[in-house]
Structure formats: structure tokens, C-alpha cells
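# Overview (structure and organization)
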Amino acid sequence: MTDRILEIIKVNGLTAARFAEIIGVPRSSISHLVSGRNKPSLEFLQKVLKGFPDINPEWLYSGKGAMMTEKEENPAVVRESGIISGEDPENLAEKEVRKEAGKPRKKRESPDNVKAIEKIVVFYTDQSFREYLPE
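### Things to note about a nonpolar patch on the surface
On the surface, M1, L42 and Y61 cluster together into a nonpolar patch covering about 270 Å² of accessible area. Within the secondary structure, Y61 sits in helix α5 (residues 57–62). Note on Y61: relative accessible area 36%, which makes it partly exposed.

See the structure below:
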């Protein structure tokens, strides 16, 4: 079954981290599956089918039949905002980060005992990173 999960990741051009984000599981869950440490639970498989509704459940569970259901020829990444096809998911994530970074933030007054954010660092798979500092 792990090989079929890896095939979904490959066909959709995703990283393991992006796949985990789409289906709503920690990145470590994917790592543990790939390494053979864990086997996918029923809940995990249900999350895969929810995040990728065009995947044929029989193929995912048993390897029988076609990977995609008959109603869709090309795989599409499904996100909360709808279906994205033809756009690299990694570029989309970066666009979303940039869009969020450009929005003005409401300043909140915080009590003295609450820690303030000094900076946020986003690390990318190509070993680059970007820092975001509060205004």
C-alpha cells in the first residue's frame, strides 16, 4: 500500500510534506509510512481519499483497478479552496505565503507575561529559507 501512496505523491508532483498538508496529517506520518515503521490506518486512508477524491478507493486499498476513478482522466490536487490543475503546488504555497505576508496585521496589546514573536522562518526543500519579521 505504501507504494500506491508514493505513486499518488509522484503523479501529483508533490513533496511528502505537501501531501501531508493536503490530507491533514503530520509530515512524520508520511516519513514513518515510507520507512516501513508504520502501516497506514483506515483513518489515514480516508484522509487520502478525502484530499484526493479522484483516487479509486479499490485501487488504494487493494491495488486492483485503475488509480483514478473513471470520471476524471487527469489527476488534480484538491484543496480547501477548490481544485487546482496545471499549477505547481509548491509555487502555490509560496504565493499564499507572500499574499499573507503582504496583508496588514492588526496589532494586539499583549500582557507582559506573553511571549512575543521575534521572527518566523520558512524553510524550503531546496535548502533556501525566508524570514518574516513582525512590524
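Continuing now.
### Some points on helix α2 (residues 16–23)
In an α-helix, one turn spans 3.6 residues, which is why side chains three or four residues apart end up on the same side. The set of residues buried in α2 consists of R18, F19, A20, I22 and I23. Note on α2: the residue one or two positions beyond its end, G24, has a positive phi of about 80 degrees.

### Considering helix α4 (residues 42–51)
Among the residues of α4, F44, L45, V48, L49 and G51 are the ones counted as buried. Along the axis of α4, the buried positions cluster into a sector of 170 degrees, meaning they face one direction only. Pointing more than 90 degrees away from the buried face of α4 are the exposed residues L42 and K50.

### Structural notes on the nonpolar core
Core analysis: the largest hydrophobic core is formed by 21 residues, its most contacted members being I8, F19, F44, I55 and L60. Within the residue set of this core, elements represented by two or more residues are α1 (2–11), α2, α3 (27–35), α4 and α5. Leaving out residues up to four positions away in the same chain, F44 has contacts with I5, F19, I23, V25, I30 and L33.

### Focus: the pairing of strand β3 (residues 120–123)
Examined bridge by bridge, β3 and strand β4 (residues 129–132) share 4 bridges and lie antiparallel to one another. Opposite I120, over in β4, you have Y132 as the bridge partner. Linkage of β3 to β4, two consecutive antiparallel strands, is achieved through a turn of 5 residues, within which Q127 is found at a positive phi near 70 degrees.

Analysis parameters
- Residues numbered from 1 in each chain as written.
- Predicted model: local features only at pLDDT ≥ 70, side-chain atom pairs only at ≥ 80, totals over all residues.
- Heavy atoms only, no water.
- Patch = residues over 30% accessible without salt bridge, like charges linked within 9 Å, V, L, I, M, F, W, Y side chains within 5 Å.
- Areas by Shrake-Rupley, 256 points an atom, 1.4 Å probe, with all protein chains shown as cover.
- Salt bridge = Lys/Arg side-chain N within 4 Å of Asp/Glu carboxyl O.
- Helix = DSSP H or I, 4+ residues; strand = E, 2+ residues; numbered from the N terminus.
- Buried < 20%, exposed > 50% of the residue type's maximum accessible area, 1.4 Å probe, protein only.
- Arc of directions from axis to C-beta.
- Core = buried A, V, L, I, M, F, W, Y, C linked by side-chain atoms within 4.5 Å.
- Contact = heavy atoms within 4.5 Å.
- Pairing = 2+ DSSP bridges.

By themselves, these figures tell us nothing about what the structure is for.
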